[in-house]
Amino acid sequence: MRDVRLWIKKEGRAKYISHLDMNRCFTRAVRRAGINIWYTEGFNPHPYLNFLTPLSLGQESDGEPLDIRIMDDMQNDEITQRMNGVLPEGISVAVTSDCISKCADIAFARYTLVLDFEDEAKAQSFTNEARQAVNDGKLFAEKVGKKGRNKTVKQIDICAHIKEFDIKTDGETAVIDTVLSSGNDNLNPTLLVSALNGVIFKEELLHIRRKGFFKSDMTEWR
Amino acid sequence: MFDKITEKMLSAVQKPGRYTGGEQGAVVKDKSSVDIRYAFCFPDTYEIGMSHLGLKIIYGLVNDRDDAACERVFAPWIDMEEQLKKYDVPLFTLESMDPVRDFDMVGFTLQYEMSYTNMLNMLSLSKIPLRASERESLTPMIVAGGPCVCNSEPVADFVDLCMLGEGEEVTNDLIDLLKEHKKKGSAKAEFLREAAKIDGIYVPSLYDVEYNDDGTVKSITAKDGAPSVVKKRIVSDLDSAYFPASTIVPSIEVVHDRTTTEIFRGCIRGCRFCQAGFLYRPIRDKSPEVIDRQCRAISDSSGYDEISLCSLSASDYSRMRELIERLISWTDDEKINVALPSLRADNFPKELMEKLAGVRRSSLTFAPEAGTQRLRDAINKNVTEEEVLHTARQSFEGGWNAVKLYFMIGLPTETEEDVKGIAHLAQKVVDEFYKNPDKPKGKSVTVSVSTASFVPKPFTPFQWEPQNSKAMIEEKQELLRNEITTRKVSLSCHNSELSRLEAVFARGDRRLGKVLETAFKKGCRFDGWDDMFRYDLWQEAFDECSVSMDFYANRAREYDEVLPWDHIDYGVSKSFLIRESEKARNSEASPNCREKCMGCTADKLNGGVCDARCKTVD
Ligand code: SF4
């Protein structure tokens, strides 16, 4: 018995599979792949699968960590290979590794955001103003939550969650490369975008892709 | 992978996964490599359509051909419909995302009458002209199948042809013919004339319907060489009938998401209100070896951890013991549950039940359908009060304290006594709970009574019966409500307006086509969804077309009246239905098909063979 970490690439059609549905998908995929996985004990045993980092509907990723416990000594490469034969279009296992870093050590995540605009001029002025806004450090977004029965609206200081931020124009698009807080104090990149939209104007279409995770000292989380 | 507009539409809807395809097991073919592209349309949401076994069978069957491709289309939910209109994008399939109108054949499966408006909406969103007469080219050929086409007259204006009965063979015949005519460059009319010669293919435009002054049908006349009566198709041997070796595994949650296979076709019970019990005759069993093999193949290729053995009444399967023993020899090890959804608790051996350790039931349900033995005899629902109470007792002893009871209101021959009888039966179930000496302390019992309004359907012994008027149904519901004296019994009554429309369309004729189109244009769709159903718009549509709902729903028909579906033959003979109807009027039950063959004549479709006969249950 040992724990392994599958790094799940999610893109294209598959980005519209929700976090909850990902669990269902993998429960079945693991069975199809013939991987001997550990089942929880109790009245209604089910295969143990742990997606460590929820990814919002519509976002892509280069590698989402999924921890599973296997019951035999199947090698990491074989797990990767078997899984890649049975997954829906747009989902693949980039690599299978041992569980090196601890879940609690996730501090940051890197994203690429691509914002489409009507024309190059709009993309250009968005780029300039967004860069300025982040430099000024005055970006806020509202996060609607729930406390008991009551709706709560929390003001979030976006810049306090930005570790790195770089933006450039590429034709009709603005491309942002950013590192944001993740783990316990996670900032969804859509909040960054909605804060930027608040001061500037709304993009036509937004693509978000998660590129990887880091520990608090910005070393790679593995 | 998607173009910009598709991305915009998908990011604006609540459940984009309904439209993106790409699931494990989905088949995407290069369109230049096939001769015929078939768009299989399910006129309801993805979640409902993907739970349907028939779709998976036809999908596999067509895609197993090298010369054809089958792709799926579901009714887009309101939010997606809005997006399609906003960007002026025609409805597309899940696999190639190509427009439906580019396909050679577009097939709708009509599972319930209340999906007719969805079919029109899907045609319209595809930018395909609604009426068959407005479509001049050979393709797209608009076809329909499913149980509702046993009387397809209300949709006759819109579809080019119907496939009657079971689709496993006739779909292939039709694709072969269309391929040939597409190559030849035939005109649509020529193709339809040839299609009408295939057994089980009904081409509505080849039949002229005349009406009497009183509005009833005078005659239905075949022309251009079409057969005067069209017989439904069946597959004779289920063991050798096509069944897919793998299936699509939906990536988002759907209603029924598990390995499903049929164990037998048809039903031996002959409940007189139940259309399915007559439409799927004769009885044909599948052998345990074949069921076992199919379950194994689907489970291995899908990764599902539940198997559902489907049929109209699972406990009537003749070789259940053998089947379950085979299945549990491997499902236990692989942590797979076996479920029997249509199990009648009253006649299933307890020890077999225990073998199905995985069978989980959240609450106990019974369908006595009627409140008194007299009425149960009349509708031929052979469940006695003692059986219901006995099973209730057993389950209370087993620790249950909630029971659901299903009934129908407005059944033929129903009296006040019968309606009150529902309350009395529910009360007796409550009493059983308190008779149990070991009942859990401090716990109360809840008996939930749920009533639906009876809908008379074609090819049943009740096809001549009037449905109760809305006022009568509501009066009976009130009577029942007043008869319930305890809070331990809760009552919920099904929407009677919906049942009324069902009754109209189930036994309707071609004059309903314009009503359907009018209602659709007023915005009716997803009528089967409570929050979408707009009875007011339907009423307007009937008024504007000067068509009376009462004429179709509430009128008693004589046995010699020409019925709109008299040129359609589903195997059961009219004289058999009349015999059963007369027995119902005398409150007389019939034995089930295994006890005694009642001579419905459906066996003739199968060369005189019906598996209900001469077989003993093991
Ligand atoms: S042929 Fe006889 S046994 Fe078979 S379904 Fe008809 S009535 Fe029942």
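Residue positions are given per chain, counting from 1 as you read along its sequence in written order. Whichever chain is written first becomes A and whichever ligand is written first becomes 1, with later ones labelled in order. Two thresholds apply to this predicted model, a pLDDT of at least 70 for residue-level local features and 80 or more for giving and counting side-chain atom pairs, whereas whole-chain, interface and lining totals are computed over all residues. The side-chain values count all of the structure's non-hydrogen atoms but skip hydrogen atoms and water molecules.

## Looking at the overall build of chain B
Convention followed: Secondary structure is summarised from DSSP: a helix means a run of H or I of at least four residues, a strand means a run of E of at least two, and numbering begins at the N terminus for each. This radius of gyration counts C-alpha atoms alone. The globule rule is 2.2 Å times how many residues there are, raised to the power 0.38. We call a residue buried when its accessible area falls under 20% of the maximum for its residue type, exposed when it is over 50%, and partly exposed in between, using a 1.4 Å probe and counting protein chains only.
The secondary structure content of chain B amounts to 20 helices and 19 strands. For 618 residues, the compact-globule estimate of 2.2 N^0.38 gives 25 Å, and the C-alpha radius of gyration of chain B, at 25 Å, lies within 12% of that figure. For the C-alpha atoms alone, the extent of chain B along its principal axes is close to 75 × 65 × 55 Å. Expressed as a percentage of the 618 residues in chain B, the buried residues total 60%.

## Describing helix 5 (residues 116-125) of chain B
Residue and element names in this part refer to chain B. For helix 5, the buried fraction is high: nine of the ten residues fall into the buried class. Buried residues of helix 5: Tyr-116, Thr-117, Asn-118, Met-119, Leu-120, Asn-121, Met-122, Leu-123 and Leu-125, and no others. Of the residues one or two after helix 5, Lys-127 is the one with positive phi, at around 65°.

## Focus on the site of the ligand
Inclusion rule: One heavy atom within 4 Å of a molecule or strand makes the whole residue count as near it. Each residue is assigned to one class: nonpolar for Ala, Val, Leu, Ile, Met, Phe, Trp, Tyr, Cys and Pro, charged for Asp, Glu, Lys and Arg, and polar for all the others, Gly among them.
As a matter of local geometry, the ligand sits amid Arg-281, Cys-593, Cys-597, Met-598, Gly-599, Cys-600, Asp-603, Cys-610, Ala-612 and Arg-613 of chain B. Its residues assigned to classes, the shell around the ligand comprises six nonpolar, one polar and three charged.

## Some points on the domain arrangement of chain B
Residue and element names in this part refer to chain B. Our working definition: Residue ranges for the domains originate in an automatic or database domain assignment. We call two residues in contact when some of their heavy atoms are within 4.5 Å. Accessible-area loss on putting two parts together, using a 1.4 Å probe and summing over both, is the definition of buried area adopted here.
The domain boundaries assigned to chain B delineate domain 1 (4-231), domain 2 (259-511 + 547-576) and domain 3 (512-546). Centre-to-centre separation of domain 2 and domain 3, based on C-alpha positions: 29 Å. Between domain 2 and domain 3, the contact holds 16 residues from the first and 13 residues from the second. Between domain 2 and domain 3 the total buried area reaches about 1300 Å² when both faces are included, carbon and sulfur atoms providing 71% of it.

## Re the nonpolar core
As a rule of thumb, nonpolar side chains are buried together in soluble globular proteins. Stated precisely, the cut-off is as follows: What is meant by a nonpolar core is a set of buried Ala, Val, Leu, Ile, Met, Phe, Trp, Tyr and Cys residues, joined one to another through side-chain atoms within 4.5 Å.
In this structure, Leu-161, Phe-191, Trp-538 and Phe-542 of chain B are the most contacted members of the largest nonpolar core, which totals 124 residues. When near neighbours in sequence (up to four residues on either side) are disregarded, Leu-161 of chain B contacts Met-141, Ile-142, Val-143, Ala-144, Leu-174, Phe-191, Leu-192, Ala-195, Ile-201, Tyr-202, Val-203 and Pro-204 of chain B. Ranked by size, the runner-up nonpolar core spans 32 residues in total, among them Ile-158, Ile-162, Ile-167 and Ile-208 of chain A.

## What to know about the pairing of strand 5 (residues 108-116) of chain A
Residues and elements named next belong to chain A. Let me state the cut-off plainly: Following DSSP output, two strands are said to pair if at least two bridges run between them.
Two elements, strand 5 and strand 9 (residues 173-181), share nine bridges in a ladder whose sense is antiparallel. By the bridge assignment for strand 9, Phe-108 is matched with Ser-181. Across nine bridges, the pairing between strand 5 and strand 10 (residues 205-214) is antiparallel. By the bridge assignment for strand 10, Arg-110 is matched with Gly-212.

## Looking at the sheet that holds strand 18 (residues 489-493) of chain B
Residue and element names in this part refer to chain B. The line we're drawing: With axes taken as lines fitted to C-alpha atoms, and helix axes fitted only over the stretch in contact, angles between N-to-C directions fall between 0 and 180 degrees.
Strands sit in the order 15-16-17-18 across an open sheet of four strands; the sheet is parallel. Each end of this open sheet is capped by a strand with a single partner; those strands are strand 15 (364-369) and strand 18. The sheet shows a mean angle of 20° between the axes of neighbouring strands, direction not considered. As defined by bridge partners, strand 17 (residues 446-453) adjoins strand 18 across five bridges and the pair is classed as parallel. Of the residues in strand 18, the one forming a bridge with Ser-450 is Ser-492.

## Here we look at the sheet that holds strand 14 (residues 337-339) of chain B
All names here are of chain B. Reading across from one edge, 10-13-14 is the order of the three strands in this open sheet, with parallel pairing throughout. A single partner strand is all that each edge strand has here, and the edge strands are strand 10 (259-262) and strand 14. Between one strand axis and the next, the sheet turns by 20° as a mean value, whatever way the strands run. Pairing analysis gives three bridges linking strand 13 (residues 306-310) to strand 14, with the strands arranged parallel. Among the inter-strand pairings, Glu-306 is bridged to a residue of strand 14, identified as Asn-337.

## Let's talk about the pattern of salt bridges
Condition: Between Lys or Arg on one side and Asp or Glu on the other, a salt bridge is scored when a side-chain nitrogen of the former is within 4 Å of a carboxyl oxygen of the latter.
A full pass over the atoms with the stated rule returns 75 salt bridges over all chains. As a salt-bridge pair, Lys-31 of chain B and Asp-98 of chain B come within 3.6 Å of each other at their nearest N and O atoms. A residue pair is termed long-range when its members are at least 10 positions apart, and Lys-31 of chain B in the loop between helix 1 (4-12) and strand 1 (36-42) and Asp-98 of chain B in the loop between helix 4 (78-86) and strand 3 (105-109) qualify at 67 residues. The class of Asp-98 of chain B is buried, set by a relative accessible area of 18%. One salt bridge in this structure joins Lys-521 of chain B and Glu-517 of chain B, with 2.8 Å as the shortest N-O distance. Taken together, the positions of Lys-521 of chain B and Glu-517 of chain B, both in helix 17 (residues 512-521) and four residues apart, correspond to about one turn of that helix. On the basis of relative accessible area, Lys-521 of chain B is assigned to the exposed category, the value being 58%. A network of salt bridges, in which partner residues are shared, links Glu-11, Glu-60, Asp-62, Arg-209 and Lys-211 of chain A.

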